Each structure stands twice: as structure tokens, then as C-alpha cells.
Amino acid sequence: MTYAFKTNTNLFYSLKTKTMSHNNISFWVKSLPEHTAFNANAQTFDAQVHQHFDVVIIGAGFTGLWLAYYLNQAQPHWNIAIFEAQQVAYGASGRNGGWLSPHMPGIVSKMLKAGISQENIVFFQQQVTATIAEVRQVCQKENIDCDLHEGGLLTIAMNPAQATRLHKLKQHDHQFGYPQDEIEYLNQTQAQTHLNSNNVKAALLFKHGARIQPAKLAFGLRDCLRTRGVKIFENSPVTAFGKQHVQVQGQKVSANYVVSCTEGYSDALLKNRKIIPVNSSIITTEVLPEAFWQRFGWTQKYLLNDQSHQFFYAQRTRDDRIVFGGRGAPYQFNSVDAGHGHLDNATIAQLQHKLAAVFPEYPIAIAHAWKGSLGVTRDWCASVSLSPNTQVGHVYGFAGHGVAGTNLAARHMATKVLQQQSELERLPWNNFQNPTWETEPFRWIGIHSMYRMLGWADQIEYRKQQPQTTALASIAYKICGLN
Ligand SMILES: Cc1cc2nc3c(=O)[nH]c(=O)nc-3n(C[C@H](O)[C@H](O)[C@H](O)COP(=O)(O)OP(=O)(O)OC[C@H]3O[C@@H](n4cnc5c(N)ncnc54)[C@H](O)[C@@H]3O)c2cc1C
């Protein structure tokens, strides 16, 4: 199906898209039975019947699902619909590393530059940390088993420069909202009691942080919403939207509120260069034996990452695999998204190489690999807004921190739609105005140069074994607005 609409005002967006079923976008989706991933209760959009809703949500990732959940909790009789271009969890929500991360989305220096007070950034951090418990409580209440395990987070240093950055990170995090007793610095001996690898030189242990199986969470929310009467129309791309309407399958559907939750896919619809898809890639190992976990001491099931510039992130799954992600294949020219997630061999090899550096001298077989699109703004800060005039809302820009962030943002957006006074209005992303990305080819050149330089910076730091961060990394961060 191809649609083409004219963009007349900034409230009216257009899109060309295709629909297609897919069950292979990630290990998370693939490992579930077909009927769980794509259940038989799927609703079909019928323009004759479905003409008006109280709220229409565009996109059935975590943001859209959580928003529908909290709105339905507050107003069970509201008629709420989610329109999803493909399937529930087709986007980043079905492909991520499953970190309910304790880290807030966004760059603190950018928030400060935008005039956000330190007090509100501290409030943000506290809210993100509290979100881990919120997700756990909803899962318990709604009987959603998503393998949630609160084991904290271990951030390792694999050379002296990374160890120096751990000290800085600890200082920074204390300044912006982490209580002293929630982050512990571990020297090499202490760190190796948590991860017994010669390549571990130091670590930070964060008390908070939880692992989930993200597709189980998304499908659990979907099933919960459907039993409560929320309509979720899959294979139903919104091709345009504006004040009190969306356009679906050539039909106009009216709604009191319209909220766009399309994250890394947003630019195809908004066409305003505010947010672009930047890929992250993941490999999953085969099930590893008990001897492996004992050998490396990864028994606490904490989340795991490192302080390299081209960092990795990992979790130990409920069935004893490692899910190991990183930044390979970062950006496709003209903001093309990650499609169905096919990952090239070079990126798989790159991730395997890094995995072997963390867990040396142990043969580890890979079972699955994929990629997905993060939604990244030019200043890497998220934004949550609802226009009081048009009642059109936008939520986007979580980059790599959306698993917890989307829950908090959805609760915030729900208070806006419900016109409730809320302290969540203090959150830095409230009506945050992001700059636009450069036009091509400068965007492609900038992002690829940044990743290339960060790779070189890591190599230099491994080679030199000195405590200073190389200047090359600082230049790269500056180019891409991460400084
Ligand atoms: C590989 C990878 C690893 C990650 N790891 C982590 C992690 O471990 N921890 C963490 O906190 N964050 C992580 N993230 C980020 C996190 O997954 C996202 O921030 C979060 O899932 C975003 O959710 P969302 O609902 O906003 O967007 P998405 O899940 O991307 O959902 C957007 C949905 O909108 C749909 N859509 C697009 N256009 C239209 C349209 N026109 N009409 C209707 N529907 C449309 C899409 O099909 C999609 O389903 C990772 C992301 C990736 C890609």
C-alpha cells in the first residue's frame, strides 16, 4: 500500500509505508510461541465502525501501550485505540536489551544548557529509579510474567582510562540524583568477585536496575489492554494526522486527542528532522552451562555494561543465555530504519569479538542476531509535549534508555491528556525543544565519523593503558552533541 499526502501545516504529517507480518525481528519475539507473539484476537480496523475515539495513539511500542494502560486505568469508559503500522512490539520495544535501566534518558549538560534546574534533573533521576518498581508492581498486578529480575547493574572498566571514567561517572551520578549508598566503586580485586575476568580492571555497582524479556512485557500489556476494551489495530499505519484526526487506510478517523509514539520511525511521519533512527545491534548466545556462570562469577544476574566509547550492554536471561548489544551498523543514509532487523556478518563478528574480550578463553556459540532503531534527537534529549490548542501530543527521543523511560513518559503524557495537575511537569523532557538534525549527507558523515573516531579512541586507550581519556573521543562526542 502506498500513501502520499501533502504537508500543509506543521500539524499535518505525511508518510509512505508498506505493511508486512514478521516474527523474526528479535530473539525475544522469535522465542515465543507464534500464538503469543501474534495472538488470534487481533482486531481489524473497519472504517465504517471505528469512526471516533476519545484518544488515538500512534504506535504500539512501550510508549503507546503504557499510555493506553494508564489512560484506561484512569478512564475505563474512554474509547481508546492504538494504530500500529506492523505488529505490537515490532519496533525497539520488541528488540531491545531488556534493561530496565536506572539511568535517565538524555544528556545532563544539554538539560542544564536548556535552563533545566539541577533540582529538576535530580527529580528526573529519582523518578526513573522509581519507575523500575512501578513496572514491577504493574506486572504483579496484571499477572504479566516478563522475566523481571532486579539484580542491579555492574559497569566494568577494561582499561585505566575506563576506570578513570568510572570515578567521574560516580561523582556525576551522585550530583544528579543517586544517593551515595546506591553506587559502589569496586577496585580490580573487588570487581573480579562480581565478574571473574582478567580483563576487568574496576567496576561500579549500581543498586538499581532490572532485567526483563521485553517482548513478554509488550505482549502482556497488549493482552491486558485488549481484555479492558482498548482497540489495538495492527497492520494499520497512520499515514497522516493532525488536530482531532488521523488518516488510516485512506479513511479519516476522528479523536479528541491524538498522541504520536513512533520513536525511531517518527521522521517518516513528521518529516521535521527532530528525531532519527540510529541502530543498535544485538547477539544472543546459546544457553550456557552452569560451569560458565561459575567460572565467570556472573551469578547475581545483574545487568552488565562497560565504559568503552563503543560500549556494550548485556543481560543474563532467565534461560541462561547472554544477550549482548552494542553499536555496530549505526546509521543508514537518509534515516532509513532497521527494517526487519537483519544484521550483517561484520557487525555480528564485531560483537562476538567484544563478547570474547569480556569472557575470554571460553567458546560461546551465537544463536540469534538482530538490530533495531533507537529514536535519537540532535541533543540526545527526550521530549514529551501536548499542544493545548490542537490536543496533538508527541513522545520521543529515549535513545538507548527507553525501557523504563517510556513508562515514566507515558504516565506523564497521561496526566496531560487527563488535564491533571502533576509534579511530573517538572521533568526535563516537558515540552523540551530539540534542535533539528543536519540534512544529508552531513548527517550521515557526522554520525559515521563519530562512531569511527570512538572506535579509534577505544583502540588508543587499550594500547596506551593510560588513565586519561583520549582527545579524539572528546572531539567525536562534540560532533554528535554528546558532550
Ligand atoms: C537494539 C536496541 C536495544 C535497546 N536496549 C535498550 C535497553 O536495554 N534499555 C533501554 O532502556 N532501552 C533500550 N533501547 C531503547 C528502547 O527499546 C526504546 O527507547 C523503547 O522501546 C521505545 O519505545 P517506543 O514505544 O517509544 O518506540 P518503538 O518500540 O520503536 O515503537 C514505535 C512503534 O510505532 C510504530 N509505527 C511507526 N510508524 C507508524 C505509523 N505511521 N503508524 C502506526 N504505527 C507506526 C512502529 O511500527 C513501532 O511498533 C534499545 C533499543 C534498541 C533498538
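What you see is a predicted model; the values in this text were computed from it and never measured. Once a new chain begins, its residue numbering starts again from 1 and follows that chain's sequence as written. Given that the model is predicted, a residue must reach a pLDDT of at least 70 before its local features are reported, and side-chain atom pairs must reach 80 or more before they are shown or counted; all residues, however, enter totals for whole chains, interfaces and linings. Computation of side-chain values covers all heavy atoms of the structure but excludes hydrogens and water.

Draft legend 1. Molecular detail of the overall build of the protein chain. Secondary structure elements follow DSSP: runs of H or I of four or more residues count as helices, runs of E of two or more count as strands, with numbering from the N terminus. A tally of regular secondary structure across the protein chain gives 14 helices and 18 strands. Over its C-alpha atoms, taken along the principal directions, the protein chain stretches across nearly 65 × 45 × 40 Å. Exposure categories follow from relative accessible area, calculated using a 1.4 Å probe and restricted to protein chains: below 20% of the type maximum is buried, above 50% is exposed, and the middle band is partly exposed. The burial tally for the protein chain puts 60% of its 483 residues in the buried class. In this description, contact between two residues means that some pair of their heavy atoms is separated by no more than 4.5 Å. Counting contacts in the protein chain only where the partners sit at least 6 residues apart, residues at least 24 apart contribute 77% of the total.

Draft legend 2. Structural view of the sheet that holds strand 13 (residues 303-306). Read from one edge to the other, the open sheet built from 8 strands follows the order 5-6-4-13-14-15-12-16, with strand pairing classed as mixed. Edge positions in the sheet fall to strand 5 (183-186) and strand 16 (366-377), since each of these pairs with one other strand and no more. Strand-to-strand twist across the sheet, computed as the mean angle between neighbouring axes with direction ignored, equals 20°. In the sheet, strand 4 (residues 153-157) pairs with strand 13 via 4 bridges, with the strands oriented parallel. Bridging from a neighbouring strand, L153 pairs with L303 of strand 13. Two strands are counted as paired when DSSP detects at least two bridges linking them. Note on geometry: axes are C-alpha line fits, over the in-contact stretch for helices, and angles between N-to-C directions span 0 to 180 degrees.

Draft legend 3. Region of interest: the environment of R321. Among the structural elements, R321 can be located in the loop between strand 14 (313-316) and strand 15 (322-326). For R321, a relative accessible area of 13% translates into the label buried. Separated by 146 residues in the primary sequence, R321 and P467 place their C-alpha atoms 33 Å from one another. Beyond its immediate sequence surroundings of up to four residues, R321 is in contact with F27, T284, T285, E286, V287, W293, Q315, R316 and A367. Among the polar contacts listed, one links the side chain of R321 to the backbone oxygen of T285, at a separation of 3.1 Å. Think of a polar contact as two N or O atoms within 3.5 Å of one another; within protein, one of them needs to be a possible hydrogen donor and the other a possible acceptor, and neighboring residues in sequence only count if both atoms come from side chains.

Draft legend 4. Spotlight on the state of the cysteines. The definition used for a disulfide is geometric: two cysteine sulfur atoms within 2.5 Å. For the structure shown, the criterion picks out 0 disulfides. There is no disulfide at C139, and the cysteine sulfur nearest it, in C146, is 3.8 Å away.

Draft legend 5. Seen up close, the pairing of strand 16. In terms of residue burial, strand 16 counts as a mostly covered element, since 9 of its 12 residues are buried. Sheet topology note: the strand 12 (residues 275-285)/strand 16 ladder contains 11 bridges and is antiparallel. Residue pairing across strands places I283 opposite A369, the latter belonging to strand 16.

Draft legend 6. Broad picture of the packing of aromatic side chains. Stacked, tilted and edge-to-face are the three classes assigned to paired rings of Phe, Tyr and Trp, where Trp is represented by its six-membered ring and a pair needs centres within 6.5 Å; plane angles under 30 degrees give stacked, over 60 edge-to-face, the rest tilted. Within the structure shown, the criterion is met by 24 aromatic pairs. Considering the side-chain rings of W28 and W370, the 6.5 Å spacing of their centres and the 70° angle between planes classify their relative orientation as edge-to-face. Note that W28 is positioned in helix 1 (residues 27-30) and W370 in strand 16, a separation of 342 residues in sequence. By the burial criterion, W28 is buried, and W370 matches it.

Draft legend 7. Region of the structure containing the side chain of S373. Its place among the elements puts S373 in strand 16. For S373, the side chain forms a polar contact with the side chain of N279, separated by 3.2 Å. In terms of polar contacts, S373 uses its side chain to reach the backbone amide nitrogen of A338, at 2.9 Å. Other than its neighbours up to four places away in sequence, S373 contacts A92, P277, V278, N279, D337 and A338.

Draft legend 8. Highlighting the domain arrangement of the protein chain. Segmentation into domains, and thus their bounds, comes from an automatic or database assignment. Its domain assignment divides the protein chain into domain 1 (1-147 + 214-274 + 378-437) and domain 2 (438-483). Between the C-alpha centres of domain 1 and domain 2 the distance comes to 31 Å. Residue-level contacts link 9 residues of domain 1 with 10 residues of domain 2. Accessible area, probed at 1.4 Å, shrinks when two parts are joined; the buried area is that loss added up over both. Buried surface at the junction of domain 1 and domain 2, both sides included, amounts to about 870 Å², of which 51% is carbon and sulfur.

Draft legend 9. Broad picture of unusual backbone geometry. The omega angle of the peptide bond from E440 to P441 is 10°, so this bond is cis rather than trans. Of note in this structure, N334 is not a glycine but carries a positive phi near 65°. In this fold, N334 is placed in the loop between strand 15 and helix 11 (345-358). Although it is not a glycine, N431 sits at a positive phi angle of roughly 55°. By secondary structure assignment, the location of N431 is in the loop between helix 12 (402-417) and helix 13 (442-464).

Draft legend 10. Up close: the site of the ligand. By convention in these notes, a residue is near a molecule or strand provided one of its non-hydrogen atoms lies within 4 Å of it. Around the ligand there are 38 residues in total, and T63, E84, S93, V238 and V403 lie nearest to it. Within the backbone of G91, an N or O atom sits 3.5 Å from an oxygen atom of the ligand. At 3.3 Å from an oxygen atom of the ligand is found a side-chain nitrogen or oxygen belonging to N96. Surface burial for the ligand is 98%, taken as the share of its 1000 Å² of free accessible area covered by protein chains. Only the protein chains shown count as cover for residues, and the accessible areas themselves come from Shrake-Rupley with a 1.4 Å probe.

Draft legend 11. Main features of the confidence of the model for the protein chain. pLDDT expresses how confident the predictor is about each individual residue, on a scale running from 0 to 100. Scored by pLDDT, the protein chain comes out at a mean of 92, with 95% of its residues at no less than 70. In the model, residues 1-21 has pLDDT below 50 throughout and makes 53 contacts with residues more than four positions away in sequence or in other chains.

Draft legend 12. Structural view of a nonpolar patch on the surface. Think of a patch as exposed residues, more than 30% relative accessible area, with no salt bridge, where like charges cluster within 9 Å and nonpolar side chains (Val, Leu, Ile, Met, Phe, Trp, Tyr) cluster within 5 Å. Counted as salt bridges are all cases of a side-chain nitrogen of Lys or Arg within 4 Å of a carboxyl oxygen of Asp or Glu. A grouping of F333, W444 and I445 is seen on the molecular surface, where their side chains present a nonpolar patch of about 280 Å² in accessible area. Inspection of the secondary structure assignment puts I445 in helix 13. Assessed through its relative accessible area of 43%, I445 is described here as partly exposed.

Draft legend 13. Inspection of the nonpolar core at higher detail. Here, nonpolar core refers to any group of buried Ala, Val, Leu, Ile, Met, Phe, Trp, Tyr and Cys residues whose side-chain atoms link them within 4.5 Å. Counting residues in each nonpolar core, the largest one holds 86 residues, and the members touching the most others are L65, W66, L67, I82, L217 and W429. With near-sequence residues (within four places) excluded, W66 lies in contact with V135, V138, L217, L221, T406, N407 and A410. Counting 28 residues, the second-largest nonpolar core is a separate cluster that includes L288, W293, W298 and Y302.

Draft legend 14. Seen up close, the packing of helix 5 (residues 118-141) against helix 12. Orientation of helix 5 relative to helix 12, taken along the N-to-C sense of each, is 100°, at an axis distance of 9 Å. The orientation of helix 5 with respect to helix 12, classified from their angle, is roughly perpendicular. Mapping the contact onto sequence places F124, Q127, V128, T131, E134 and V135 in helix 5 and A404, N407, L408 and R411 in helix 12. The scheme is simple: roughly parallel for angles under 35 degrees, roughly antiparallel for over 145, roughly perpendicular for 65 to 115, oblique for anything else.

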